[in-house]
Amino acid sequence: MARPVYVVGIGPGALEYITPAAMEIIREADVLVAGERTLNQFLGLDKLTFPIKNNLAEMIGFIQEHRVEKNVAVLASGDPGMFGIINYLRKHFATGDLQVIPGISSMQLACARLGISWHDGLLASTHG
């Protein structure tokens, strides 16, 4: 039986913003799937990796192949549910197959740095 796929929000890119829950999953994972810049932060952990580029179909095949015997973590900048990779993964995996570990979003960080609340914020994506 295949193992769950962990989708881990790693915050705005700096290691100090990764939650303890996210770091625990990353340490326990056998396989890390992420963009190259993100993977470079975890080179010292000596994990099998898959760099996400313009290869999302290949990524799905890689995850499906490796989750049978290994713990796979897909690392997403910010929070994976906020304009993140969750929507794409949900097209290829059942809801119960994905275990999401939320991260700090760029919206949270920006508002915190400005010292303002964001309860009336308008959320939009400028990615890509």
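Please refer to the structure higher up on the page.
Conventions used here
- Residues numbered from 1 in each chain as written.
- Predicted model: local features only at pLDDT ≥ 70, side-chain atom pairs only at ≥ 80, totals over all residues.
- Heavy atoms only, no water.
- Buried < 20%, exposed > 50% of the residue type's maximum accessible area, 1.4 Å probe, protein only.
- Helix = DSSP H or I, 4+ residues; strand = E, 2+ residues; numbered from the N terminus.
- Pairing = 2+ DSSP bridges.
- Contact = heavy atoms within 4.5 Å.

## Notes on the pairing of strand 1 (residues 5-9)
Looking along a regular strand, one sees the side chains alternate between the two faces of the sheet. Counting buried residues in strand 1 gives 4 out of 5 residues, a clear majority hidden from the surface. Across 5 bridges, the pairing between strand 1 and strand 4 (residues 72-76) is parallel. From the neighbouring strand, Val8 faces strand 4, where its bridge partner is Leu75. By the bridge criterion, 4 bridges tie strand 1 to strand 5 (residues 98-101) in an arrangement that is parallel. Of the residues in strand 5, the one forming a bridge with Val8 is Ile101.

## Comments concerning the side chain of Ser105
Within the secondary structure, Ser105 is located in the loop between strand 5 and helix 5 (106-114). Those residues within four positions of Ser105 in sequence are excluded, and the remaining contacts are Gly78, Asp79, Met82 and Trp118.

## A word on unusual backbone geometry
Even without glycine at this site, Asp46 takes up a positive phi of about 55°. In this fold, Asp46 is placed in the loop between helix 2 (36-40) and strand 3 (48-52).

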